[in-house]
Structure formats: structure tokens, C-alpha cells
Amino acid sequence: MFKALLIEKDDAGYRAELKELDESRLPEGDTLIRVSHSTLNYKDGLAITGRSPVVRKFPMVPGIDLVGIVEETAHPDYRVGDAVVLNGWGVGETHWGGLAQKARLNGDWLVPLPAEFTPRQAMAIGTAGYTAMLCVMALERHGVEPEDGEILVTGAAGGVGSVAIAVLAKLGYRVVAVTGRTEDADYLERLGAAEILERSQFSSPGKPLGKERWAGAVDVVGSHTLANVCATLQRGGVVAACGLAGGMDFPATVAPFILRGVTLAGIDSVMCPRPLRIEAWRRLARDLDLDKLDAIGHEIGLGEVIPTATRILEGRIRGRVIVDVD
Ligand code: NDP
């Protein structure tokens, strides 16, 4: 038997509960993992509360991240006892995920736990941190360099935003953080933000083009915020867009694209190919200071996940939530 958070949807409604399950209930897969830690991402909050249709099959164990030890495997790349990490691939959406003490899944989805990180640190990073790294790599791929100018990070005090600030600052960029929690300015400055801007400056409808300021941006908010970021990028600037914390819509004009040649680089961590994932984890090991990571992550138990899921959707969780599943 093992403990798991289980989401069910039937005549009795949509509900998430902590349950004791028999191992025989685990889905098919070539690899059985003893999970030590998972995380709580914004998407997990949507899944657990049922606020958006993230879960595609019921019953479902949520949790888009996990770290643990291989207990059984028929996959050629892994041996019993290997420490592994998983982010995305539809886990917690279409295949049982990490908010449980056991997971059975496809070994192709796993990445070896980088030697530089403890399991807890890998989950302090989690999907949010690995996505932040994918955003940074997208800016680099499009040629944005520290001397080109400032980088704007929206949703700064959240998971993606916190890791993006820490990595960009370490790489020598001047980072400007946008937050609704200016009372957390100290936290953002400790991560490396050089300047803090209030979220409301970006969240209302703006002009098609504004004063050029940012060489690059990482946006987790979407909606008017993303439109305003595009409108204020410098000529040739790039925004890595990965989130919808402020809305799924994109009420923009083409002006920034056709008059200033700006680039909107979309980021999808879920189906990201394996070589790029391995590269992102290698870069995190090199470009993220572990003392900053300690400030970003805080731990909860499996029993605290359900109330925390509501709080993450309200934007009331700072940094990253690590879940100790034992
Ligand atoms: P968090 O909840 O940790 O952070 C989101 C932050 O966005 C909040 O902390 C808050 O920052 C800000 N925010 C929240 N609500 C609003 C709002 N209504 N208007 C403006 N800002 C808001 O989430 P994550 O960092 O885990 O994820 C961020 C986004 O990125 C989510 O939409 C998530 O779904 C998406 N995502 C996408 C991935 C992909 O592969 N494309 C992978 C990972 C995440 P502050 O308090 O500083 O204002």
C-alpha cells in the first residue's frame, strides 16, 4: 500500500482526497519509482481544484513533477537504485503523477538526477524552475546578451519568476521584476532583481507600441501583461512566453512584430524533447546558485497539498512548493 492524492470525478462531483492505494492500481509502465518528493505547480493547483480541465482521465494522481529511486525497471537506460527526475510528459494529466509515494511510468520520460542536486533541491526547481531555464535558453538562442539591455520578468515572486531572476542575474543580466507583491521586494532583490515594478502597470489594456525598454522578457502572466511587454520591447527584442497566470487571452496588435521585429518565443516544457531537457538541467546545475534555491523552496507534506493548491491559484505562494510525500 502507498499514500497518494487521488482526483475523482463522478456523480458525486469533482474531488481530491488523500488515499491509501494498493500497488496493483498503478498504471502500466516499464519503470516503478519510489517517489521521495514532488512539487506543487500552478498547473497542479488547477488540476487539484478542478478550476481548469488539466486532468484528462479519472481517477488521476496529480503532480507534474517527481524525484525518486527506481525500484523496478525494464528500460535499458536505468537500473534499480538509480535516482531520477520527471517533469511533464502529461504526467498528472493523462498518466498518474508525482503526488504519491509510488509511480509507475515510461522510463523514456525520466532524466537522471543531476549529481549537483539533492532530491529536495531538484524539486525546489521542478517544472517551474526547468521552464525558467528553457525561457533563458530561448532568449540566448535569439541572441539576447547582457550588454543588450534589461530583462523583464513578470510574475516575479512565483516559481518560474523566482528561478528566472536568479539565473538571469547570475548570468550578468540586469533584471527588472514585475510583481503584485511589492512587499516581497527584499526577497526579489536577494534573488538578483535590480528593480521592482508594480504589476498593475502592465495588467490593463495598453497602446500597440510604447517606449522601447526591454532587450528581453520572461512572461508567465499572458493576457494584457504579455501584450504590454511586447509593446515595450526594444527593436529586435525577445519575450519567452510560458504562462497564463493572468489569463489565456492575448489582446495585442501585430505592431511590435512588424514595426520593431520583436520575437514572441513560446515555451512548452511538457513535451520538450529529451536532449533539451537534459541541457536545461545541466545549465541549472551551472547557472543557479544553491543558496538562492534554498530561499526559493519551502516544504510541505502530502496532507497539506489540497489547501495549498487553492493558495497557489490566488497568487499567494512565494517561490516553489516542495512536497515531501513520506
Ligand atoms: P506561481 O503561481 O508560482 O507564479 C505565478 C505568479 O504570477 C504569481 O506568483 C504572481 O506573481 C503572478 N500572478 C498570479 N496571478 C496573477 C494575475 N491575475 N495577474 C498578474 N500576475 C499574476 O506559478 P508558476 O511559476 O508555477 O507558473 C507560472 C505560469 O507559468 C502559470 O500560468 C503556469 O501554468 C505556467 N507554466 C507553464 C509552463 C509551460 O511549459 N509553458 C511550465 C510551468 C509553468 P507576483 O505575486 O510576483 O505578482
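Given the structure is predicted, the values throughout are model-derived calculations rather than measurements. (Residues numbered from 1 in each chain as written. Predicted model: local features only at pLDDT ≥ 70, side-chain atom pairs only at ≥ 80, totals over all residues.)

A.B. asks: Explain the overall build of the protein chain to me, and be specific about the residues and the numbers.
C.D. replies: When its secondary structure is counted, the protein chain shows 10 helices and 15 strands. C-alpha atoms of the protein chain, sized along the principal axes, occupy 60 × 45 × 35 Å. Per-residue burial over the protein chain gives 48% buried out of 326 residues. In the protein chain, once contacts between residues fewer than 6 apart in sequence are set aside, the share between residues at least 24 apart is 70%. (Helix = DSSP H or I, 4+ residues; strand = E, 2+ residues; numbered from the N terminus. Buried ≥ 20, exposed ≤ 12 C-beta atoms within 10 Å, placed from the backbone. Contact = placed C-beta atoms within 7 Å.)

A.B. asks: An account of helix 8 (residues 274–287) is needed here, citing residue identities and associated values.
C.D. replies: With 14 residues, helix 8 should reach 20 Å at 1.5 Å per residue; the first-to-last C-alpha distance of 20 Å fits that figure. Taken together, the buried positions of helix 8 are R277, A280, W281 and L284. End-on, the buried residues of helix 8 take up no more than an arc of 95°, which puts them together on one face. Opposite the buried face of helix 8, at more than 90 degrees from it, the exposed residues are P275 and R286. (Expected span 1.5 Å × (residues − 1). Arc of directions from axis to C-beta.)

A.B. asks: Lay out unusual backbone geometry with the relevant residues and their values.
C.D. replies: Note that the residue after F58, namely P59, is joined by a cis bond; omega there is -10°. On the secondary structure map, P59 appears in the loop between helix 1 (42–49) and strand 4 (65–73). The phi dihedral of W89 falls on the positive side, at around 60°, and the residue is not glycine. Among the secondary structure elements, W89 is positioned in the loop between strand 5 (83–87) and strand 6 (102–105).

A.B. asks: Just give me the short version of the site of the ligand, but keep the residues and values in it.
C.D. replies: In the vicinity of the ligand lie 32 residues, with G155, G158, T179, G243 and S269 positioned nearest. Only helix 1, helix 2 (119–141) and helix 3 (159–170) provide two or more residues apiece to the shell around the ligand. Looking at the shell around the ligand, its residues break down into 14 nonpolar, 14 polar and four charged. Formed jointly, the shell around the ligand draws a minimum of three residues from each of two domains, domain 1 (2–113 + 293–324) and domain 2 (127–266). (Near = placed C-beta within 6 Å. Nonpolar A, V, L, I, M, F, W, Y, C, P; charged D, E, K, R; others polar. Domains from an automatic or database assignment.)

A.B. asks: If you had to explain helix 10 (residues 305–313) to someone new, which residues and values would you point to?
C.D. replies: Residues three or four positions apart in an α-helix share a direction because the helix packs 3.6 residues into each turn. Residues V305, A309 and I312 constitute the buried set of helix 10. One side of helix 10 holds all its buried residues, which, seen down the axis, span an arc of 70°. Positive backbone phi, approximately 70°, marks G315, located one or two places after helix 10.

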